[in-house]
Amino acid sequence: MASSTRTWRARIVGAALALAVTGTLAVPAAAAEPVTYVDAADSGHAAAITWIGAQGIFPGDPVDGGRAFHGGKAITRAAMASWLYRYAGEPAFDAPATATFSDVPAGSKGSVAIEWAASRGIIDGYADGTFRPSRGTTRDGLAYALKRLTRGSVPTGSAVYADSKDARHPGAVEWAASEGLADGWLTWRGREYRPSLAVTRQTLALFLYRLSHDAAPITAVKRTVEAQQKVWITYSRVNLRKEPTWSSAVVVSGLKGAPGTYLGNAWNGWKRVKMGGIVGWSPAKYLTTTQPTAAKTKVGIKLSQLYFRSGPSNGYSVVTTAGRGTRGTFTGVIKGTWWLVDINGKRAWTPATHLNTVTTYNPAAILKVAHGQVGYRSPNWNHNKYNDWLGEYRSWCHVYVAWVFDKAGFAQGVPKRSKFQEWVGLLRDAGVLDTTPRGNMQKGDVVLVDWYPYDGPTHTGIVDHVDGEYVWLVEGNTPDGSGDPTRGVFYRKRAIVDIYAVFDPDDYARVNGF
């Protein structure tokens, strides 16, 4: 512990500072009248808040019935300077006639405290000559200010806080531990100080109270690390999170059977796991050390050449390449729109949009059902078996497409809506529409057609094949092209220039969790 602070008691603070700075010990008078806060008992730090009032360090906010402390309010840099000036006993100080900071005019409210704190090196200004009095302060900044105020020494030995190395002033943070100022938070890493958090009134009150009452030093907490071992996901889908809480951000996801490595850290029913090179936390109950025997999902490649990378973005290095016709195995590990795949004897990441899940999506099955409907004619405009299936009677090109996919066993590949524009809207929301369809249309894909004057898609169909500048579609709610106005299901040859967009039904299913 820092001996220069342990001899202090409440109002002796200013005297100790005077001794440190001038070599003369002089006990200052009380800084202000004592205050009793009407809400002191509402805080978990009632003793510290009551003590702050008794010392007259903070006058409180006027409310009905007296003065309130409002402990949850953030402390600004100006307020911290005022508090510390009063805590030191408002020592005699001649503020400079010319303001040190461009945004703290001489004689303005709080300027004396700010000039005093700056002159003593307790609170620094900014390089542009400003103090920024209304800006909040962090726990890192508070530890730094108190250490400078007391002329404390950086303790030696191992760090108490697991995150002190992340602070701008790690020595000041560890000094705060040696003075017993901050319990911090107990986490899987050990004890954390969380230097970037904003300082509130009750935090500053607690630090000052403990600084003046010989608080016992804070000690480190060591966590046991178990042996690493292979694990697999047992639930349908588990989101690994940045920290071991349900509210923490998702960093990677694993489907049932997805592999990972338990890193040996456990906390409150969670285990720290690495999947696909990404580290996150999973509920322990969703992990097993027994490799599952369930069938694995095979994937095919849509492109002539596809890169597989060491991480889930184009910024990572290429591990291997493969082209159309090559098969791989989806591990069940997902990061956004990227999948972790075993391919060419490697395990690597690639965009899922370039893969077909062979076991579930079969374009040949889609086209088999679609072809089987060719020649059907609607008995009475919009009254037909496809709208009967949906239960509403509107234009039905998109209803036919949804019906085909449903009968082929892949209903999740397209939206199911009665209104065409709502159907298109769902595709847009899913982000699956490729508005540069030339060269990207495959058998079983679904296209949106936009005829002159090209003000948006009005029709849809299922791709049968591409023929030069044309694409052959299987369409519903269309005449057969012979001049007969009767609408039905027919093969139609459409100019590629009239194709507004194309989408892969497997992409739509994936985006929607299938």
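Just so it is clear, the structure is predicted and the values come from calculations on it, not from any experiment.

Draft legend 1. Summary view of the pattern of salt bridges. For the coordinates displayed, the defined rule picks out 15 salt bridges. The salt bridge involving Asp61 is made with Lys73; its shortest N-O contact spans 3.7 Å. Of this pair, Asp61 sits in strand E1 (residues 61-63) while Lys73 sits in the loop between strand E2 (66-68) and helix H4 (77-87), placing them twelve residues apart in sequence. The class for Lys73 is partly exposed, based on a relative accessible area of 41%. Here Arg132 ties to Asp128 by a salt bridge, and the two come within 3.0 Å at their closest N and O atoms. The exposure class assigned to Arg132 is partly exposed, which follows from its relative accessible area of 26%. Taken together, the salt bridges that share partners define one network made up of Arg189, Glu192, Arg194 and Glu243.

Draft legend 2. Focus on unusual backbone geometry. In this chain, Tyr452 is followed by Pro453 through a cis amide linkage whose omega measures 15°. Assignment of secondary structure puts Pro453 in the loop between strand E19 (446-449) and strand E20 (459-467). Positive phi outside glycine occurs at Asn344, with the angle close to 55°. With respect to the helices, strands and loops of the structure, Asn344 is situated in the loop between strand E16 (338-343) and strand E17 (346-351). Positioned with a positive phi, Asn477 is a non-glycine residue whose angle comes to about 55°. Along the chain, Asn477 turns up in strand E21 (residues 470-478).

Draft legend 3. Layout of the environment of Tyr508. By secondary structure assignment, the location of Tyr508 is in helix H13 (residues 505-511). For Tyr508 and Arg151, which are 357 residues apart along the polypeptide, the C-alpha to C-alpha distance reads 63 Å. With sequence-adjacent residues up to four places away left out, Tyr508 is seen in contact with Gln412, Gly413, Val414, Pro415, Leu426, Leu427, Ala430, Val432 and Phe503.

Draft legend 4. Layout of the packing of helix H6 (residues 139-150) against helix H8 (residues 201-211). At a closest axis distance of 12 Å, the pairing of H6 and H8 adopts a crossing angle of 30°. One finds that H6 runs roughly parallel with respect to H8. H8 is crossed by H6, and the crossing has right-handed handedness. When H6 is examined against H8, the residues Arg139, Leu142, Leu146 and Thr150 are found in contact with a partner set consisting of Thr203, Leu204, Phe207, Leu208 and Leu211. Per-class residue counts for the contact of H6 with H8 are six nonpolar, two polar and one charged.

Draft legend 5. Main features of the packing of aromatic side chains. Counting across every chain of the model gives 21 aromatic pairs. Summarising the aromatic geometry, the rings of Phe420 and Trp423 are spaced 6.0 Å apart at their centres and angled 25° between planes, so their arrangement reads as stacked. Taken together, the positions of Phe420 and Trp423, both in helix H12 (residues 420-430) and three residues apart, correspond to about one turn of that helix. Measuring from ring centre to ring centre gives 6.0 Å for Tyr452 and Tyr454, while their planes differ by 90°; the resulting arrangement is edge-to-face. Owing to a relative accessible area of 41%, Tyr454 belongs among the partly exposed residues under this scheme. Through a chain of ring-to-ring contacts, three or more aromatic side chains come together here, namely Tyr376, Tyr386, Trp396, Tyr400 and Trp403. Above the plane of the ring of Tyr193 lies Arg139, whose end atom (NZ or CZ) is 4.4 Å from the centre. Over the ring of Trp389 we find Lys416; its NZ or CZ atom is 4.4 Å from the centre of that ring.

Draft legend 6. Focus on the side chain of His398. With respect to the helices, strands and loops of the structure, His398 is situated in helix H11 (residues 397-407). Within the structure, His398 has its side chain in polar contact with the backbone oxygen of Ser418 (distance 2.9 Å).

Draft legend 7. Looking closely at the confidence of the model for the chain. Taken as a whole, the chain shows an average pLDDT of 91; of its residues, 92% reach a score of 70 or greater. Low pLDDT, under 50, characterises residues 1-31; the stretch is placed with 69 contacts to residues that sit more than four places away or in other chains.

Draft legend 8. Spatial organisation of a nonpolar patch on the surface. On the surface, a nonpolar cluster with roughly 400 Å² of combined accessible area is contributed by Tyr452, Tyr454 and Val497. By the secondary structure assignment, Tyr452 is in the loop between E19 and E20.

Draft legend 9. Quick look at the sheet that holds strand E22 (residues 488-495). Strands sit in the order E22-E21-E20-E19-E23 across an open sheet of five strands; the sheet is antiparallel. The sheet is open, and its two edges are formed by E22 and strand E23 (499-503), each paired on a single side. Neighbouring strand axes in the sheet, compared pairwise and without regard to direction, differ in orientation by 35° on average. Strand direction decides the pairing type here: E19 and E20, joined by four bridges, are antiparallel. Of the residues in E20, the one forming a bridge with Leu448 is Thr460. Strands E19, E20, E21 and E22 of the sheet are contacted by H11, whose axis makes an angle of about 65° with E20. Each of E19, E20 and E23 touches H12; the most contacted strand, E19, lies at about 120° to it.

About the criteria used
Residues numbered from 1 in each chain as written. Predicted model: local features only at pLDDT ≥ 70, side-chain atom pairs only at ≥ 80, totals over all residues. Heavy atoms only, no water. Salt bridge = Lys/Arg side-chain N within 4 Å of Asp/Glu carboxyl O. Helix = DSSP H or I, 4+ residues; strand = E, 2+ residues; numbered from the N terminus. Buried < 20%, exposed > 50% of the residue type's maximum accessible area, 1.4 Å probe, protein only. Contact = heavy atoms within 4.5 Å. Axes fitted to C-alpha atoms, helices over the stretch in contact; angles between N-to-C directions. Parallel < 35°, antiparallel > 145°, perpendicular 65-115°, else oblique. Left-handed = near helix turned anticlockwise from the far one by under 90°. Nonpolar A, V, L, I, M, F, W, Y, C, P; charged D, E, K, R; others polar. Phe/Tyr/Trp six-rings, centres within 6.5 Å; stacked < 30°, edge-to-face > 60°. Lys NZ or Arg CZ within 6 Å of the ring centre and 35° of its normal. Polar contact = N/O pair within 3.5 Å; in protein donor to acceptor, adjacent residues only side chain to side chain. pLDDT = per-residue confidence, 0-100. Patch = residues over 30% accessible without salt bridge, like charges linked within 9 Å, V, L, I, M, F, W, Y side chains within 5 Å. Areas by Shrake-Rupley, 256 points an atom, 1.4 Å probe, with all protein chains shown as cover. Pairing = 2+ DSSP bridges.

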